[in-house]
Amino acid sequence: MDERKIVFSGVQPSGALTIGNYIGAIKNWIDLQDEYNCFYCVVDLHAITVPQEPKNLRKNTLDLLALYLASGVDPEKATVFIQSHVSAHTELTWVLNTISYMGQLNRMTQFKEKAQRNEANLNAGLFTYPVLMASDILLYQTDLVPVGEDQKQHLELARDLAERFNNKYSDTFKVPDPLIKTVGAKIMSLQNPESKMSKSDADDNGYILLLDKPDAIERKIKRAVTDSIGEVRYRDEQPGIKNLMNIYSIFSGESVEHLEKKYEGEGYGKFKGDLADVVVEGLRPLQEKYDYYMKNKDYLETIYKEGAENAERVARKTLRKVYKKVGFIPRG
Ligand code: AMP
Ligand code: TRP
């Protein structure tokens, strides 16, 4: 028996990833895979709650899988799979829908925001999105869910649904805990250090993509908004520099205190030049691995097939229990 605790997380295949996604989400997964039994999923079912071009969805799904591996997710250690390959996710969603309260789903901040942005396509999938997310998590009897701050409310719902089901029938689901890092949980926009770095930013100088070329990275860092103080110091009055120092520290492993000393008496020009080098060099191995995987689609296929088989085995076991408890007759 595998006694390790279980970790589940996923990212939507909705286009290019920023270094914010990487630092806030995927990078943390790597540290967990040695100690925990990890399931890392490309959540394509979630992606179709907003309009998708089928061709792009296919590309983005494989892209994201390649980025998982290029970031250091190791399929020998973790189960890597595509959500739509394991039908138990949608099956459990149906059952959990029947114990989800409309009122609670209506209060989900992300739904309210998306509903405002997607008025022309205000579909039921957008509304039950968090129930599908709860199914993802609960199917694997997950202990820990590493996510960014913005997913906390969805995690709360997953816990509520687990407890509600357990109380109504009998103990079935493990009640999961969120794992939210405090450092790096929020990388800010390079153009507006008051708001989160996001690929939906209208100004592409605001974000660095994992697959940005060196000259783009240099240009974006050079143009990053700072202040007129002119000192490399880690403090709230200098939010632009603070954010750049966070990025520097995460990519180089040097502490922010160390960076303050290193750049004492130096202007922002030198600091930004070095930061660009650190980010370019930090992303280089990832980008090379990404290119390698994208040229080896057969390998990617082996990984997602094996991943789905493994995930399916675990997920089916939970779903069988659920079906039995609600009173469905087993087909035999
Ligand atoms: P999204 O692409 O917004 O669905 O986010 C995917 C994952 O990346 C989630 O776990 C987010 O919390 C995380 N994330 C997105 N943007 C940032 C950011 N600027 N800083 C840190 N984490 C982020
Ligand atoms: N909703 C999450 C996001 O937008 C993605 C997600 C789907 C997820 N299912 C999950 C995250 C299960 C953690 C666990 O980032």
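Residues numbered from 1 in each chain as written. Chains lettered and ligands numbered in written order. Predicted model: local features only at pLDDT ≥ 70, side-chain atom pairs only at ≥ 80, totals over all residues. Heavy atoms only, no water.

Asker: Lay out the site of ligand 2 in plain terms, naming residues and giving numbers.
Answerer: In the region of ligand 2, 13 residues are neighbours, and His46, Tyr129, Met133, Asp136 and Gln151 sit closest. A distance of 2.7 Å separates a nitrogen atom of ligand 2 from a polar side-chain atom of Tyr129. Elements with a contribution of two residues or more to the shell around ligand 2: β1 (6–11) and α7 (124–139). Ranked by residue count, the leading element in the shell around ligand 2 is α7, at 4 residues. (Near = heavy atom within 4 Å. Polar contact = N/O pair within 3.5 Å; in protein donor to acceptor, adjacent residues only side chain to side chain. Helix = DSSP H or I, 4+ residues; strand = E, 2+ residues; numbered from the N terminus.)

Asker: Pulling in residues and values, what's your account of the environment of Asp34?
Answerer: Within the secondary structure, Asp34 is located in the loop between α1 (19–32) and β2 (37–42). Taking C-alpha positions, Asp34 is 45 Å from Ser228, a pair spaced 194 residues apart along the chain. Among the polar contacts listed, one links the side chain of Asp34 to the side chain of Lys77, at a separation of 2.9 Å.

Asker: Can you break down the pairing of β1 residue by residue, with the values?
Answerer: A large share of β1 lies buried, amounting to 5 of its 6 residues. Of the strand pairs in this sheet, β1 and β2 are connected by 6 bridges, and their pairing is parallel. Across the sheet, residue Ile6 finds its bridge partner in β2, namely Asn37. Regarding the hand of the β-α-β motif, the stretch spanning β1, α1 and β2 is right-handed. (Buried < 20%, exposed > 50% of the residue type's maximum accessible area, 1.4 Å probe, protein only. Pairing = 2+ DSSP bridges. Right-handed = clockwise from strand over helix to strand, strands pointing away.)

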